[in-house]
Amino acid sequence: MDTHVGVSPGALRTQLRQREEWLPAFQQSCETSAPSPTQKAILAADETFFGEMLILILMDLSSGYLLLETPQNNRSFDTWFAQAAPRLEARGIPVGHAIRDRAKALIKLAVVGFGCASGADTFHEQ
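These remarks concern the structure in this document. (Residues numbered from 1 in each chain as written. Predicted model: local features only at pLDDT ≥ 70, side-chain atom pairs only at ≥ 80, totals over all residues. Heavy atoms only, no water.)

### Considerations on the sheet that holds strand β5 (residues 117-120)
Strands sit in the order β3-β2-β1-β4-β5 across an open sheet of five strands; the sheet is mixed. Strands at the two margins of the open sheet, each flanked by one partner only, are β3 (66-72) and β5. For this sheet, the mean inter-axis angle between neighbouring strands, taken without regard to orientation, is 20 degrees. The strands touched by helix α2 (residues 77-91) are β1 (41-50), β2 (53-60), β3 and β4 (95-100); relative to β3, the strand with the most contacts, the crossing angle is about 145 degrees. (Pairing = 2+ DSSP bridges. Helix = DSSP H or I, 4+ residues; strand = E, 2+ residues; numbered from the N terminus. Axes fitted to C-alpha atoms, helices over the stretch in contact; angles between N-to-C directions. Contact = heavy atoms within 4.5 Å.)

Have a look at this one:
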């Protein structure tokens, strides 16, 4: 045989841990080398669940970059704003429009928190 055909579970765990350790440095490198935004961002905000775990997701739609992916205990406006505002401020990202489902906290996040227009997504309507 001249190709690799398998890897032990222990080796896979080691590789996974190593990549998880590298991720914060890689993220920092990407974010510091990224150009400053020249126009207002269009963001998508939503929640997802893994079993009982609630995760807040905030994505820049033009690039697909996840600005925020954080486990939280609730999805209130205060929680959303406390997590999203520092990330956007640190990156210098002004928000021009926020796409979201019909959750009241996300509508308030767009209009009050980001001070921008709020639009409904289409995939929740299907």
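### Brief notes about the side chain of E47
Structurally, the position occupied by E47 is in strand β1. The exposure class assigned to E47 is buried, which follows from its relative accessible area of 13%. Polar contacts involving the side chain of E47 include one to the side chain of W80, which spans 3.3 Å. (Buried < 20%, exposed > 50% of the residue type's maximum accessible area, 1.4 Å probe, protein only. Polar contact = N/O pair within 3.5 Å; in protein donor to acceptor, adjacent residues only side chain to side chain.)

### Brief notes about the nonpolar core
Counting residues in each nonpolar core, the largest one holds 21 residues, and the members touching the most others are L43, L58, W80, L88 and F114. Not counting residues up to four positions away in its chain, the partners in contact with W80 are A45, D46, E47, L56, I57, L58, L68, R75, L106 and L109. (Core = buried A, V, L, I, M, F, W, Y, C linked by side-chain atoms within 4.5 Å.)

### Structural notes on helix α3 (residues 104-114)
Among the residues making up α3, those that are buried are A105, L106, L109, A110 and F114. An end-on view of α3 places all buried positions within 140 degrees of arc, on one side of the element. Residues of α3 that are exposed and point more than 90 degrees away from the buried face comprise K104 and V112. Elements in contact with the buried residues of α3: β1, β2, α2, β4 and β5. (Arc of directions from axis to C-beta.)

### A closer look at the pattern of salt bridges
Taken as a whole, this structure holds one salt bridge when the rule is applied. With its nearest N and O atoms 3.8 Å apart, the salt bridge here joins R75 to E47. Taken as a pair, R75 in the loop between β3 and α2 and E47 in strand β1 lie far apart in primary sequence, 28 residues in all. Residue classification places R75 among the partly exposed positions, given a relative accessible area of 43%. (Salt bridge = Lys/Arg side-chain N within 4 Å of Asp/Glu carboxyl O.)

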